[in-house]
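Okay, here's what each chain looks like letter by letter:
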Amino acid sequence: MRMHFHLVAAALLPILASAQPTVIPDAQLDVVFKYCIECHDELTAEGDLNLDVFEIDWSEGEALEHWSEVYTRIDRSKMPPRDEPQPSAKEKEQILSWLDQQLIDNSPIGGAPLRRLNRREIFQTLKELFPISGFELPLGFPPDNESHGFDTVSEALVISPSHLEAYRDTATQVADYLFPQPRKLPKKELITFGLDDFAISYSSAFIVDDAMRLASTGILTRNGTWLSRFEARESGTYRVTIDLSTKNPPKDNLPQLHLQANNLTGNSNSRSLGTFIVQPGETQTFTTDVELYRGETLVFAYKNAPLDYSDKAIYTEFLLDLFTENPALAAAWLKLDTGDRGLPRGGTGWDRVKIEMALNPKATSSANDIKKLASKAGRSNVNTGETIVFKYFEEGPNIGVHAATIEGPFTLVEDDALREQAEAQTRFLGKGFAGDDGALNRFFSAYLGKAFRRPATTREVDDYIAIVKEEQKAGYTLNEGLHLAVRTSLLSSNFLYKESGSSQLLPPYELAARLSYFLTSSPPDFKLMSQAKAGTLTELEQLAKETRRLIKEGNKTFAEDFTSQWLDTKLLDTLMPDSSLLKNYNDNYRLSIQEEAIKTFQYILTENQPLTDFISPDYLFTNPTIGWEIYELEQFKPAEKAKPKRGKLGPLKHVSIPKGTRRGGLLGMPAVMLATANGVDTQPVLRGVWMLENIIGRPPPEPPNSVPALSPDLSGANTLRERLNAHMADASCASCHEDIDPVGFVLENFDAVGRWRTEYPAATSKGKGLPVDATGVLPEGTPLKDVTDLKQWLEEHPEYFSNCLAEKLMIYATGRAMNHGEKRLIESIVEENIVRGNRFEDLLIELVQSEVFRAR
């Protein structure tokens, strides 16, 4: 494949000016040397951290990261270790206040590397850009790496050889659809089909003697046959020859064979090709010319068969007449029919009926018994119909299909798919597209503006016109030139990357793209592009207005994409809970509990509810199944004999609950509890780390490699707390576990799917499990007896969750981790929002208006 590589340019990272070194003042230097140097001098440098310096060179790559870590550990009393001398309150304030200001002064807002579109965004962008019905990315398109929990972070969005291959395949797939190669008439073939080539359909098309017998009408997949080893290679005209016969046909209603084309083994998308009336007597040969589309096969059906068991009412009347005329048949059926589902289906059932009739040829049945039998058999139409049809396979009336031949194609025809492609090309290029210089200029100006999410430059338009012209000069068609141009555009950095300029603040079009991909995972719409073109989007009021519009107009894409990564509920796609926890768990159950997290997020955002509703609301979203099986809400208690639902569980509804209880909010939500367990039992350390990372906003460092992982003890021989002592024995572990354990164990009343429990599973079915101990003490001294205490503490200290969520939103939106200065700016926004009521939409708009969001 040829490619214009000068248009697929590599992007360069912005070069930032180096900051000047900062001399550490004596007072702060004394604190560092007094409490830190023993473990962090040039020789020991625990954690690769050397603090034996007199100045900080902020231009060094790791300076900001190291000194931010120093600030965090001192602020959270994690350094010096608890068993070492501790700085006084004055000393701690001295070092923290000075270091805080230095980090703010030397932490530039923005500065993320260039960020490409991720897999989700490429898919949505291509769907918006091209009029391709049912578009899907090629199989094997690689997933994206994640950083800080999200697939939008630039440092993880590398481009590997597999990505380049996927981009090439995707670009080719799009171009092939819009500009297909000219069709050529393939070599004509003559194919002969015998009985083995016809499909036996649910025992309703069956080989008897020398023919595939058709004896019923109705649904094709139950009452027809088709060529199971044939699909048309190309859409064209074909000559079909069929050998047919009939057995005992009604004189006043001769059998009609309906010939159809279908690309499935069913009714959908079927096309009628003709009807043949079959006369009694010798085998007859029918020949007809038909149009077959690529991928279609031939379907044969007995159009006017007396037996129609697809319609229960018609079938019941048919059976009533049949049993009345054949009382021995009714008597045999009644004797054999001892179960609710009637006789065995197919030929086995009919053989048993025949044997019974042969043993009792004079048996009879009353009119009342016959009526009841017809009614019962009619209700079980599929089971009984596929038995009674064998009477007609053997006795008639039926149609026998003996053989068939297909010859062709003789000419090419345009099928529905080709017409759809042609219409898509017209929509893409515009009606009356002539392909001259003026038309090409208008097309590429519009198309590249959409593809690059900004107005195309004159140079770019000219370059893409040149691609088409060069192809035509080389002897290729206009469509082939456009094919290459479209492929080239989709491999351009202008398409693959979101932000490519060098200014500190995003210019209008890049700001439009950032806002749109943040809230919709799609490119900016016409309104956003219009605001960018007018230059008004950079005005904070207009930016807020557009943010509100996208929140109100958008579907659940933002809520689904963000929550699935923030809350880890995407893990449920590959996680199956133990059947002892949920006996009727299936995909519908999974989708319902995932939808609860999405709907909760949507509601709190679009209704501008307080962020504390994520923690302790007076409502939740559920349906009757989950409302009872997980939340044990009395209004959803089923009747004693009610069977568990296997299909869709019904829509989630807003349900009022008392505030301040264990129910409601993220803590205890089944999707979250399952995502933070292993599908069998709970893992308090895993849940504790998850809580610190995603709710409280104080993520712990990675655990030391020397400490083994904590495995669940399903036998209940030891408590989780006892087994966790192995971790707590290490001082470096204890420093983190005093934060992890209280918020992990406080969720232990929730089992692996979020159902409330007071005991762990017993080791045996007759035994009694150990009691759940969900108590704990937060590092700052607050005692917790269960999750309700933690909810109350989070409500009383809303800054923890609000800051955590705000920072997660900004990482997801900007594609970069927040540095110290950006975190401080976010904290100030959160603080002001808490004073105003701590409402979600208000916070999100303030974040979008901030320099953190608007900076490159």
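Because the structure is predicted, anything quoted here is derived from the model rather than measured.

This next bit is on the confidence of the model for the protein. When pLDDT is averaged across the protein, the result is 90; 92% of the residues are at 70 or more. Scored below 50 in pLDDT, residues 1-18 shows 30 contacts in the model against residues more than four places distant or in partner chains. Segment residues 712-717 is flagged for pLDDT under 50; beyond a separation of four residues in sequence, or across chains, it makes eight contacts in the model.

Turning our attention to the sheet that holds strand β11 (residues 297-302). Read across the open sheet, the four strands follow the order β6-β11-β8-β9; overall the sheet is antiparallel. With partners counted over all chains shown, the strands left at the sheet margins are β6 (224-226) and β9 (271-277), one partner each. Taking each pair of neighbouring strands and ignoring which way they run, the sheet shows an average axis angle of 25 degrees. Summarising the sheet, β6 and β11 pair through three bridges and their orientation is antiparallel. Considered in β11, the bridge of G224 is made with A301.

Our next topic: the side chain of T170. Topologically, T170 is positioned in helix α5 (residues 161-178). According to the relative accessible area criterion, T170 is buried, its value standing at 4%. Contacts of T170, omitting those with residues within four sequence positions, involve L126, F135, L137, P138 and F141.

Moving on, we get to unusual backbone geometry. In this model, M79 is joined to P80 through a cis peptide bond whose omega is 0 degrees. Its place among the elements puts P80 in the loop between α2 (63-75) and α3 (89-105). For the bond running from G408 to P409, omega is 0 degrees, close enough to zero to count as cis. Backbone geometry at S77 places phi at a positive 60 degrees, although glycine is not the residue there. Note on S77: relative accessible area 28%, which makes it partly exposed. Unusually for a residue other than glycine, N248 sits at a positive phi of about 50 degrees. Relative to the assigned elements, N248 resides in the loop between β7 (236-247) and β8 (256-262).

Attention now moves to the nonpolar core. Core analysis: the biggest nonpolar cluster contains 95 residues, and F518, F558, W566 and I695 have the highest contact counts within it. Dropping the residues within four chain positions of it, W566 is found in contact with F150, F601, F614, L666, W690, N694, F801, L805 and K808. Grouped together as the second largest cluster of nonpolar side chains are 44 residues, Y177, A451, F452 and I467 included.

Our focus in this paragraph is the packing of helix α18 (residues 526-534) against helix α19 (residues 540-553). Interhelical geometry of α18 versus α19 gives an angle of 175 degrees and a closest axis separation of 11 Å. One way to sum up the angle between α18 and α19 is to call them roughly antiparallel. Contacts between α18 and α19 involve K527, L528 and Q531 from the former and Q542, E546, R549, L550 and E553 from the latter. Its residues assigned to classes, the contact of α18 with α19 shows two nonpolar, two polar and four charged.

The rules behind these values
- Residues numbered from 1 in each chain as written.
- Predicted model: local features only at pLDDT ≥ 70, side-chain atom pairs only at ≥ 80, totals over all residues.
- Heavy atoms only, no water.
- pLDDT = per-residue confidence, 0-100.
- Contact = heavy atoms within 4.5 Å.
- Pairing = 2+ DSSP bridges.
- Helix = DSSP H or I, 4+ residues; strand = E, 2+ residues; numbered from the N terminus.
- Axes fitted to C-alpha atoms, helices over the stretch in contact; angles between N-to-C directions.
- Buried < 20%, exposed > 50% of the residue type's maximum accessible area, 1.4 Å probe, protein only.
- Core = buried A, V, L, I, M, F, W, Y, C linked by side-chain atoms within 4.5 Å.
- Parallel < 35°, antiparallel > 145°, perpendicular 65-115°, else oblique.
- Nonpolar A, V, L, I, M, F, W, Y, C, P; charged D, E, K, R; others polar.

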